[in-house]
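# Report on the structure
Each chain, written out:
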Amino acid sequence: MKTKGIILAAGKGTRLMPATIPASKPLLPLYDKPMIYYPLETLVRLGIKDILFIVQEDDLSIFKKTFGTGSEVGLNFSYEIQKIQRGIADAYFIAEKFLDGSPSVLALSDNVFLGKNYFNFANSALLKMQENGGSVFGLPVPDPEKFGVIELDNNKNIVGIEEKPSKPKSNLIIPGIYFFDSDASKFAKTLKPSNRGELEITDLIKIYLSEKKLALEILDDSIVWHDTGNAKALLEAAQKVKLYEQNNDIKIDFNIGSIVPIGDDEEPSGILVNSEDGSIAAHYQITKDNKLSPVTSFIPKGGTFMNGMVSVPKKGILMLTKGADSSTSGMQFFRWDGNKWESTKK
């Protein structure tokens, strides 16, 4: 059964006020894109296409306006409301119908991971979940006493998890992304609220541990993690993202796929990136030094851009125009043959 994705994005953003009074916390900009794009990219790069956003009731309309159904980028987006904040593990109650017995990856909207090998670690954690039932990251930090700390045996297997210990037994904590099989919702139903009145994700992880279904993926010091819950952390994360993209000549995005030229050799007006199933994914401009500059990360059907329009006049046909007026001048057509886009006539 295919793995589904959940993004918990229902936080009120109290520590980010007044910035979160007019705007939803997960949609606040982190460098040049909404904060939530980062966990969304992780899920997409893991091959997950069915993704549930769990949001506040007041934020539902803006999320739907921002992301839509996901069909334009080859994904399937669903939405549920968390009416009362009852903790991270509550996500598995809310998502039970959506999951319908599928394994899942739950990502927190305010957790950001950077590092060239990050997606290799994420893929490894996914495989360990498929083999064992559940898996979590072990992240080394200098101040583990502020978090839930992992205790290991001599073979680096998890033997315990202790919440904010005065004397940590390791420097490994569990950051905000969790890989669980189809038992997650069933196990979550057995949880009782903690002293904080919440259903703690640590308690759910402990159930997987007690059932001998929990694996660990230890991240190395090349991975940078940010919990962007306050203004200072958000600013620091944005600065790190900017440097990371510049130093590695990459662009963080949730679109993946092959590249298709638009225009001709003399006037390359841009390129189109399509997802693995041929859906429109992203639009880029080619700069004078032949580097790729993103114009937008999300293309609504028929969206207008600096140098043209994208639309689908017939099923399976992609139409590109160099001008913003849909005139026949400069019009090009591509057909998806199941593997790649090919130039064609209307």
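Everything here concerns the structure above.
Everything quoted here is computed from the prediction, not taken from an experiment. (Residues numbered from 1 in each chain as written. Predicted model: local features only at pLDDT ≥ 70, side-chain atom pairs only at ≥ 80, totals over all residues. Heavy atoms only, no water.)

### Focus on the side chain of Asn111
So the rule is basically this: A run of DSSP states H or I qualifies as a helix once it reaches four residues; a run of E qualifies as a strand once it reaches two. Both are numbered from the N-terminal end. Two N or O atoms form a polar contact when they lie within 3.5 Å of each other; inside protein one atom must be a possible hydrogen donor and the other a possible acceptor, and for residues adjacent in sequence the pair counts only when both atoms belong to side chains. In what follows, residue pairs with any heavy atoms lying within 4.5 Å of each other are defined as contacts.
Relative to the elements of secondary structure, Asn111 occurs in strand 7 (residues 111-114). Separated by 2.8 Å, the side chains of Asn111 and Trp225 make a polar contact. With residues near it in sequence (within four places) discarded, Asn111 still touches Pro39, Pro175, Gly176, Trp225, His226 and Asp227.

### Topic: the nonpolar core
Note the cut-off: For our purposes a nonpolar core is just a set of buried Ala, Val, Leu, Ile, Met, Phe, Trp, Tyr and Cys residues, chained together by side-chain atoms within 4.5 Å. Exposed residues in this analysis have more than 50% of their type's maximum accessible area, buried residues have under 20%, and partly exposed residues fall in between, with area computed by a 1.4 Å probe over protein chains only.
Ile36, Phe53, Phe63, Phe67, Phe137 and Phe179 are the most contacted members of the largest nonpolar core, which has 38 residues in total. Among the elements that make up this core, the one with the highest residue count is helix 5 (residues 118-132) (six residues). Counting residues in each nonpolar core, the second largest holds 35 residues, with Ala89, Phe98, Leu108 and Ile161 among its members.

### A look at helix 7 (residues 201-210)
Counting buried positions along helix 7 gives seven out of ten residues, so the element sits mostly inside the fold. Restricting attention to buried positions, one finds in helix 7 the residues Ile201, Thr202, Leu204, Ile205, Ile207, Tyr208 and Leu209. Here the buried face of helix 7 lies against helix 3 (91-94), strand 8 (134-140), strand 10 (158-163), strand 12 (177-180), helix 6 (184-188) and strand 13 (214-218). At the exit of helix 7 stands Lys212, carrying a positive phi of roughly 60 degrees.

### A short note on the packing of helix 1 (residues 37-45) against helix 5
The condition that has to hold: Axis definition: a line fit to C-alpha positions, over the contact stretch in the case of helices; interaxial angles, taken between N-to-C directions, run 0 to 180 degrees. Any angle that is under 35 degrees is reported as roughly parallel, and any over 145 degrees as roughly antiparallel; angles of 65 to 115 degrees are reported as roughly perpendicular and all others as oblique. If you view the pair so one helix is near and one far, a crossing is left-handed when the near helix is turned anticlockwise from the far one by less than a right angle, and right-handed when it is turned clockwise. Each residue receives one of three labels: charged for Asp, Glu, Lys and Arg, nonpolar for Ala, Val, Leu, Ile, Met, Phe, Trp, Tyr, Cys and Pro, and polar for the others, Gly being one of them.
Two elements in contact, helix 1 and helix 5, have axes separated by 10 Å at closest approach and are oriented at 60 degrees. Taken together, helix 1 and helix 5 sit at an angle that is classed as oblique. As helix 1 runs across helix 5, the sense of the crossing is right-handed. Across the interface between the two elements, Glu41, Thr42 and Arg45 of helix 1 pack against Tyr118, Phe119 and Asn123 of helix 5. A class-by-class count of the residues in the contact of helix 1 with helix 5 yields two nonpolar, two polar and two charged.

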